[in-house]
Amino acid sequence: MRLDNMLLAEGVSGPEKGAASAAAAAVAAAAGGSPNDGSIEHSDYRAKLAQIRQIYHSELEKYEQACSEFTNHVMNLLREQSRTRPISPKEIERMVGIIHRKFSSIQMQLKQSTCEAVMILRSRFLDARRKRRNFNKQATEVLNEYFYSHLANPYPSEEAKEELAKKCAITVSQVSNWFGNKRIRYKKNIGKFQEEANLYAMKTAVDAASVSSQASQANSPGTPNSGTHSHM
DNA sequence: TTCCATGATTATCC
DNA sequence: GGATAATCATGGAA
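All of these numbers come straight from a predicted model, not from anything done at the bench.

### A few points about the overall build of chain A
Within chain A, the regular secondary structure consists of eight helices and zero strands. Element order for chain A, N to C, with α for helix and β for strand: α-α-α-α-α-α-α-α. Scored against the burial criterion, the 232 residues of chain A give a buried share of 25%. A total of about 16,500 Å² of accessible surface is found on chain A, and carbon and sulfur atoms cover 54% of it.

Shown next as structure tokens:
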């Protein structure tokens, strides 16, 4: 059922090697796919996955063996009993069925715990928090410029987010994260950010001044507009 | 090593 | 579905 599918998808069950790396690659892609990062971490991940896989298979084999041994045992018992009382093939069949069901429920548990192990491994290795990199200086500058020049309403539209993402070479969700963090942290401690706020206010003021002086002379101090639309 | 900054995730709310 | 608040986990300066 579901567990089987999951184990298959993770490359734990299913064909030998290769599946593991395919799963790792798929997982990396799902995790957001940084273009050029830790092959070391991935090989580590693969090694751990292979370990889980090996344990899973050896346990599975053990269970299968135990199952067939036990079945044989029961069959022998029944055969012995058949000397003293009549035993129908139906009864034997039913017994075998019961045994198999019992063992498959044990296997289910094995699958479940294997799934859990894989999930833990995944979260340990692929949780993005574990490989956080600060954005580069220029990116934070761009984001801060936007934030402080829209301090009254620091909620960039979807298009604005896309543009910021492009400018900063990050994803739109990273932009959203950044603004989410910034808003809450700013609100919590406005004092701490005062200096930064002044800095960026000045910067945008200088920008505006240079732009307006470059354009012409007619300007009003409160133009709520910084239309920089660069489509590529 | 410690401590703060920071990006990401999670739970919860609307 | 996006925003907020709390929290996690790491980077990097002190």
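Let's pick the thread back up.
### Considering the protein's contact with DNA strand B
Lining the immediate environment of DNA strand B, one finds 14 residues, of which A128, R132, Q174, N181 and R185 sit closest. When the atoms of DNA strand B within 4 Å of the protein are grouped by moiety, sugar and phosphate amount to 58% of the total. In this structure, a phosphate oxygen belonging to DNA strand B sits 2.6 Å away from a side-chain N or O atom of Q174. The contact in question runs from a phosphate oxygen of DNA strand B to an N or O atom on the side chain of N177, over 3.4 Å. Element by element, the count of residues in the surface near DNA strand B is highest for helix α7 (residues 172-188), at five residues. In terms of residue class, the surface near DNA strand B is made up of three nonpolar, five polar and six charged.

### What about helix α5 (residues 137-149)?
Every α-helical turn comprises 3.6 residues, leaving residues that sit three or four positions apart pointing alike. Taking 1.5 Å of rise per residue, 13 residues should cover 18 Å, and α5 covers 18 Å from first to last C-alpha, within 8% of that figure. By the burial criterion, the buried members of α5 are A139, V142, L143, N144, Y146, F147 and Y148. The N-cap of α5, judged by a side-chain oxygen 3.2 Å from the amide nitrogen of Q138 a few residues on, is N136.

### Comments concerning the confidence of the model for chain A
When pLDDT is averaged across chain A, the result is 79; 75% of the residues are at 70 or more. Contacts from residues 17-38, a stretch scored under 50 in pLDDT, to residues over four places away or in other chains number 20 contacts. Residue range residues 219-232 is modelled with pLDDT below 50. Its contacts to residues more than four positions away, or to other chains, number six contacts.

### Quick look at the packing of helix α6 (residues 158-168) against α7
Close contact between α6 and α7 brings their axes to 8 Å; oriented N to C, the two are set at 105°. On the basis of the axis angle, α6 is roughly perpendicular to α7. Here E158, K161, E162, L164 and A165 of α6 come into contact with α7, specifically with V172, V175, S176 and F179. Grouping the constituent residues of the contact of α6 with α7 by class yields five nonpolar, one polar and three charged.

Thresholds applied
Residues numbered from 1 in each chain as written. Chains lettered and ligands numbered in written order. Predicted model: local features only at pLDDT ≥ 70, side-chain atom pairs only at ≥ 80, totals over all residues. Heavy atoms only, no water. Helix = DSSP H or I, 4+ residues; strand = E, 2+ residues; numbered from the N terminus. Buried < 20%, exposed > 50% of the residue type's maximum accessible area, 1.4 Å probe, protein only. Areas by Shrake-Rupley, 256 points an atom, 1.4 Å probe, with all protein chains shown as cover. Near = heavy atom within 4 Å. Polar contact = N/O pair within 3.5 Å; in protein donor to acceptor, adjacent residues only side chain to side chain. Nonpolar A, V, L, I, M, F, W, Y, C, P; charged D, E, K, R; others polar. Expected span 1.5 Å × (residues − 1). pLDDT = per-residue confidence, 0-100. Contact = heavy atoms within 4.5 Å. Axes fitted to C-alpha atoms, helices over the stretch in contact; angles between N-to-C directions. Parallel < 35°, antiparallel > 145°, perpendicular 65-115°, else oblique.

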